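Chain and residue survey
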Amino acid sequence: MSVYLDYNASAPIDMRVLDKMVDVYKNVYGNADSRTHQYGENAREVVETARKQVASLLGIKSDEVFFTSGATESNNIAIQGLVEYAEKSGKKHIVTTSIEHKAVLETVRHLEDKGFMVDYVSPDSSGRVDAKAVLEKVTEHTVLVSVMHVNNETGIIQPVLEIGKELADREVLFHIDATQSCGKLVDEIRELDYNMLSFSAHKFGGPQGVGVLVLRKKSFKLPPVKAIQFGGQQEHGIRPGTVPVALIAGCGLACEIAEHEYKKNDEIAKNIKSEVLRIMNDSGMKYRINGSQDHCVNTTLNVCLDGVSSEALMISSKQYCGVSNGSACTSKSYSPSYVLVAMGIPKEQIESSIRISWGHDVCKEDICENVENLLNVAKQIGL
Ligand code: PMP
């Protein structure tokens, strides 16, 4: 049977999370913002329990957690929500990286059209941006620095710890897109200094369609983020609209499970990575790993198989593995991965690169068997 190895696009839901959601759908059908009856109060209790679970995983206070429909929306609120503040304060400069997810890149490009200046810092071939290069771009006109924690295509961990420490005492807001690290790099996230942080629940066992924007308080005050859509006071007006109680319950439980199990899960993922690398070495195929493994998560491998078209390989090995050659959000139209381009990787090498991503719940034997099969196909179609 084919094995799913595209966890960075979306991971399977944890069955305990699904059970919890079904229970909420069946039994808690009130609107969490209804104040006139017990049904609303019951729904509110479910939402507030989830908020505590998120806060506990991240090591923050629960009134700093705002539920959204996912990281795309969280990133949009974090960035577009600052427009009014930027205009009032005359700070219309943003620093980000050229390897952010489109949910950040397209949002800051939209602000460029509205007169903002944006600096995009690129990584070197290691896949990591240089913290100093980011900090050097910050001026007195900078309103926001936005850097992802872990890149979704390469798995490379970015120096957000260093950047956050340097920015902590400065008059500039720091946003981290932690979509690929939340629930995985649990200790690291707790150590980070930031004003805003985004993630989606579906990357670590939660349901699709729900995520979080964290807004850290400084001297009891939230960052100057305003809602970008209107129609209600839910989530303190930051994200209007009826809160999806069952999805939020699922997000909360995924966080609680991650908090208890991340160490064990990381060991399993590490083990899977070394097995995959062993199989690749034993296959005799020439391969190159994209991005330095000194700063890579244990759940991702972006690898170039010399002389093998990744498009051809993915089609011819569909019966064995579901892998990808870029972000699912850009995969409808084939163009070379902008992340690998930014790393200075030559075009032929990019065209031969695939991303394999997994989680603790993949059966190791299934991975081994199917990655071996994939490599056999690669040998047949290679130059
Ligand atoms: N940021 C990163 C780093 C991601 O990997 C993703 C999902 N691929 C997103 C943001 C957007 O998440 P969602 O599609 O769940 O809104």
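Residues numbered from 1 in each chain as written. Predicted model: local features only at pLDDT ≥ 70, side-chain atom pairs only at ≥ 80, totals over all residues. Heavy atoms only, no water.

**Description of the sheet that holds strand 3 (residues 93-97)**
- The strand order across the open sheet formed by seven strands is 2-8-7-6-5-3-4, and the pairing between neighbours is mixed. Either end of the sheet is taken by a strand with one partner, and the two such strands are strand 2 (65-68) and strand 4 (117-121). Direction aside, the axes of adjacent strands within the sheet are offset by 20 degrees on average.
- Note that strand 2 and strand 8 (residues 211-215) share four bridges and pair antiparallel. Across the sheet, residue threonine 68 finds its bridge partner in strand 8, namely glycine 211.
- Set on the sheet, helix 5 (residues 102-113) makes contact with strand 3, strand 4, strand 5 (142-148) and strand 6 (173-177); between it and strand 4 the angle comes to about 150 degrees. (Pairing = 2+ DSSP bridges. Helix = DSSP H or I, 4+ residues; strand = E, 2+ residues; numbered from the N terminus. Axes fitted to C-alpha atoms, helices over the stretch in contact; angles between N-to-C directions. Contact = heavy atoms within 4.5 Å.)

**Considering the domain arrangement of the chain**
- Annotation of the chain at the domain level lists domain 1 (3-11 + 262-381) and domain 2 (15-256).
- Here the C-alpha centroids of domain 1 and domain 2 sit 28 Å apart.
- Counting each side, the surface lost to burial between domain 1 and domain 2 is near 2,400 Å², with a carbon and sulfur contribution of 54%.
- On the domain 1 side of the contact with domain 2, Tyr262, His295 and Tyr338 bury the most area, a combined 26% of that side's loss. (Domains from an automatic or database assignment. Buried area = accessible area lost by both parts, 1.4 Å probe.)

**What about the site of the ligand?**
- Looking at the ligand, there are 13 residues lining it, with Thr72, Asp177, Ser200, His202 and Lys203 nearest.
- A distance of 2.7 Å separates an oxygen atom of the ligand from a polar side-chain atom of threonine 72.
- Lysine 203 is positioned with one of its side-chain polar atoms (N or O) 2.8 Å from a nitrogen atom of the ligand.
- In the complex, 87% of the free accessible area of the ligand, which totals 400 Å², lies under the protein chains.
- Looking at the shell around the ligand element by element, the count peaks at three residues for helix 3 (residues 71-80).
- Residues of the shell around the ligand, tallied by class, amount to two nonpolar, nine polar and two charged. (Near = heavy atom within 4 Å. Polar contact = N/O pair within 3.5 Å; in protein donor to acceptor, adjacent residues only side chain to side chain. Areas by Shrake-Rupley, 256 points an atom, 1.4 Å probe, with all protein chains shown as cover. Nonpolar A, V, L, I, M, F, W, Y, C, P; charged D, E, K, R; others polar.)

**Thoughts on the environment of lysine 203**
- Within the element layout of this structure, lysine 203 appears in the loop between strand 7 (196-200) and strand 8.
- With a relative accessible area of 12%, lysine 203 lands in the buried category.
- Expressed as a C-alpha distance, the spacing of lysine 203 and alanine 9, which sit 194 residues apart in the sequence, is 7.3 Å.
- With residues up to four places along the chain from it excluded, the contact list for lysine 203 reads Tyr7, Asn8, Ala9, Ser10, Ala11, Thr179, Gln180 and Lys184.
- One polar contact links the side chain of lysine 203 to the main-chain carbonyl oxygen of alanine 9, over a distance of 2.9 Å. (Buried < 20%, exposed > 50% of the residue type's maximum accessible area, 1.4 Å probe, protein only.)

**As for the pattern of salt bridges**
- As enumerated under the stated definition, the model contains 21 salt bridges in all.
- Ionic pairing is found between arginine 16 and glutamate 261, a salt bridge with its closest N-O pair at 2.9 Å. Note that arginine 16 is positioned in helix 1 (residues 15-27) and glutamate 261 in helix 9 (residues 245-283), a separation of 245 residues in sequence.
- Judged by relative accessible area, which is 42%, arginine 16 ranks as partly exposed.
- Accessibility expressed as a relative area gives 17% for glutamate 261, which makes it buried.
- Several salt bridges share partner residues, and in doing so they unite Asp33, Arg44, Glu48, Arg51 and Glu235 into one network. (Salt bridge = Lys/Arg side-chain N within 4 Å of Asp/Glu carboxyl O.)

**Notes on the layout of surface pockets**
- By volume, the largest pocket is sized at about 410 Å³.
- For the largest pocket, the lining is made up of 27 residues, of which Lys184, Phe204, Asn265, Gly359 and His360 are closest to its centre.
- Top contributing element to the lining of the largest pocket by residue count: helix 9, with eight residues.
- The residue inventory of the lining of the largest pocket, partitioned by class, reads 14 nonpolar, seven polar and six charged.
- Both domain 1 (3-11 + 262-381) and domain 2 (15-256) contribute no fewer than three residues apiece to the lining of the largest pocket. (1 Å grid on protein atoms, 1.4 Å probe; cavity = no way out; pocket = protein on both sides within 12 Å on 5 of 7 lines; lining within 4 Å. Points joined across faces, edges and corners; volume = space filled by probe spheres on them.)

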